[in-house]
Every structure is written in C-alpha cells, then in structure tokens.
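One letter stands for each residue in the lines below.
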Amino acid sequence: MRRRLFLTLASFSLAAGAVSGFSMEFAGRKLARRPQAEQQPLATKAGGDILREFTNEHDLSPLERIAMTCSGNLQTTVSAYHTKPVEVFVIKNAPLPTETDCDGRTPVAMWDRVVVMKTKGKVFCTASTIVRVYDEALAEVVGSHDVGIGQMLRLYQLPPTFALHDCGRLEDGTLWRYYSMDCTDKIKFDIVEEFSKDCWDLQP
C-alpha cells in the first residue's frame, strides 16, 4: 500500500534559515531541503558525498544509485533499461493555496500532484510532488492531467537544478527518495518517489 505524503501549509525552519510554503512528512519522517549552502546536487557542505552516505546507510545497489541521481529523466532511464516504453498516469492534480516564498515571491499557482509510472504492465514508481509555478503559461500546462514533469521540462527547454535531499527504506524494503528540481523564475518541484522492490526486475 502506498504511504501517504503529508503536506502542511506553514513555514518551518532549517539550520540555514526559514523556508516558507509547506512542510512535508513521509512515512512518519519530516522532510526538509538541505540548506542552500550545501545544495551541490550530490555533495555536502563538509565535502562529503551525500550519495556515498546514503549508500552506506541504506545499502544501495548500483542500479538504485542510478535511480537516486535521475533528474527529470527517470522515465527514459527505466525505459532504456527494460527496453520497453514507460507510461505515466496522473492520479491526483489538486490545486493548493499559494503562499509567499522565503525570497518574497508568490507563485501564481501550486499543486499537490501524484503520478504512477508503469512499464511491462506494472507500476514501478509512485511520485508525489508539490509544484510551485511562477509562470502563467506553465501553470496552464501543469493544470493538465496528461503531461509528465520530465516531458514538460523537455518540451519547454527548462534545464532544472537538481538536488537530492533524503532517501530511505521502508520496513518492507521499498526504497524512496526526496529531491527538488528548480527552474529559476519559472517552476519548482519538491518530489518524493517510491520505487517498487522489483523495479529493475519486472516480469510482464
């Protein structure tokens, strides 16, 4: 059963300062972006490699490390691995009330979005996303139920800034990750993805 991603529309604090908009909780764990000073995609402020830290902590396989570092191209990566097309189904795309960010900007729209990705007839990933849009044209696109995030970024030629913030395993071994993708002045995503245990070994 899919674990629920809880969202709270409120400000909360990080070591580097306040972040406005919402807090996120997944499987009983509060999620937060790493402080801005640390947000090289896979590096920590102390010079360590966050992917190495996660690998040691959660015993990530080489394929799981690849999944952890996909930045808007998970569909393409999984499709190439299985040599099968990947389908994306939007199962929730609910508008949220907008709030001013810590930098004083207010998005024109926000969404609570859930999609599932399937290949070989099986779901291999469920992605829960908070989308903050600062561009009217993009807001119309995100409001559609038939476009994936990666597809939209490629269509509008929006190279995202990717940062991996957290990952873990649930009691049943299911792997999840929390990451962000920001396209300056246009759109921001906070995403939690759950991967099926047989993601890399799907049988039709």
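For the structure, see preceding data.
Computed from a predicted structure; not experimentally measured. (Residues numbered from 1 in each chain as written. Predicted model: local features only at pLDDT ≥ 70, side-chain atom pairs only at ≥ 80, totals over all residues. Heavy atoms only, no water.)

Visitor: Residues and numbers for empty space enclosed by the protein, please.
Guide: In the structure shown here, the tally under the stated rule is three cavities of 30 Å³ or more. As for the largest cavity, its lining consists of 19 residues, and the residues nearest its centre are Gln75, Met117, Ile149, Gly150 and Glu193. (1 Å grid on protein atoms, 1.4 Å probe; cavity = no way out; pocket = protein on both sides within 12 Å on 5 of 7 lines; lining within 4 Å. Points joined across faces, edges and corners; volume = space filled by probe spheres on them.)

Visitor: Just give me the short version of the side chain of Thr129, but keep the residues and values in it.
Guide: Along the chain, Thr129 turns up in strand β8 (residues 122–133). Exposure remark for Thr129: the relative accessible area of 2% places this residue in the buried category. (Helix = DSSP H or I, 4+ residues; strand = E, 2+ residues; numbered from the N terminus. Buried < 20%, exposed > 50% of the residue type's maximum accessible area, 1.4 Å probe, protein only.)

Visitor: With reference to specific residues and values, describe the pairing of strand β11 (residues 187–195).
Guide: Burial within β11 is extensive, with nine of its nine residues counted as buried. Residues Ile187, Phe189, Ile191, Glu193 and Phe195 point to one face of β11 and Lys188, Asp190, Val192 and Glu194 to the other, with burial holding for every one of them. Two strands pair when backbone bridges link them, and strand β10 (residues 175–183) and β11 are joined in this way by nine bridges, in the antiparallel orientation. The partner of Tyr178 across the bridge, within β11, is Val192. (Pairing = 2+ DSSP bridges.)

Visitor: So what about the packing of aromatic side chains? Which residues, and what values?
Guide: Scanning the entire structure with this criterion turns up three aromatic pairs. With centroids separated by 5.5 Å and ring planes inclined at 45°, the aromatic side chains of Phe162 and Tyr179 adopt a geometry described as tilted. You can see Phe162 sitting in strand β9 (residues 161–169) and its partner Tyr179 sitting in strand β10, a full 17 residues away along the chain. Positioned over the ring face of Tyr134 is Arg105, at 4.0 Å from the centre of the ring. (Phe/Tyr/Trp six-rings, centres within 6.5 Å; stacked < 30°, edge-to-face > 60°. Lys NZ or Arg CZ within 6 Å of the ring centre and 35° of its normal.)

Visitor: I'd like to hear about the pattern of salt bridges, residue by residue, with values.
Guide: One pass over the structure, following the stated rule, counts eight salt bridges. The partner of Arg33 in a salt bridge is Asp190, and the shortest N-O contact between them spans 2.9 Å. Residue Arg33 is located in the loop between β5 (29–31) and α1 (50–58), and its partner Asp190 is located in strand β11; the two are separated by 157 residues in the primary sequence. The same class applies to Arg33 as to Asp190, namely buried. Note that Arg177 is salt-bridged to Glu193, the shortest N-O span being 2.8 Å. One end of the pair, Arg177, is in strand β10; the other, Glu193, is in strand β11, with 16 residues separating them in the sequence. The pair formed by Arg177 and Glu193 is uniform in burial state, with each residue classed as buried. What emerges from the salt-bridge pattern is a single network uniting Arg33, Arg132, Asp182 and Asp190. (Salt bridge = Lys/Arg side-chain N within 4 Å of Asp/Glu carboxyl O.)

Visitor: Which residues make up the environment of Val115, and what values do they have?
Guide: By the element assignment, Val115 lies in strand β7 (residues 109–119). In the structure, Val115 is positioned 12 residues away from Ala127 in sequence and 5.3 Å away in space, judged by C-alpha atoms. With residues near it in sequence (within four places) discarded, Val115 still touches Val88, Phe89, Val90, Ile91, Cys125, Thr126 and Ala127. (Contact = heavy atoms within 4.5 Å.)

Visitor: Break down the pairing of β7 for me, with residues and values.
Guide: The element β7 is largely enclosed, with a buried count of 10 among its 11 residues. Summarising the sheet, strand β6 (residues 87–96) and β7 pair through nine bridges and their orientation is antiparallel. Paired with Val90 across the two strands is Val115, which belongs to β7. One ladder, built from 11 bridges, connects β7 with β8; its direction is antiparallel. What sits directly across from Lys118, in β8, is Val123. In sequence, β7 turns back onto β8 through a hairpin of two residues, with Lys120 there showing a positive phi of about 55°.

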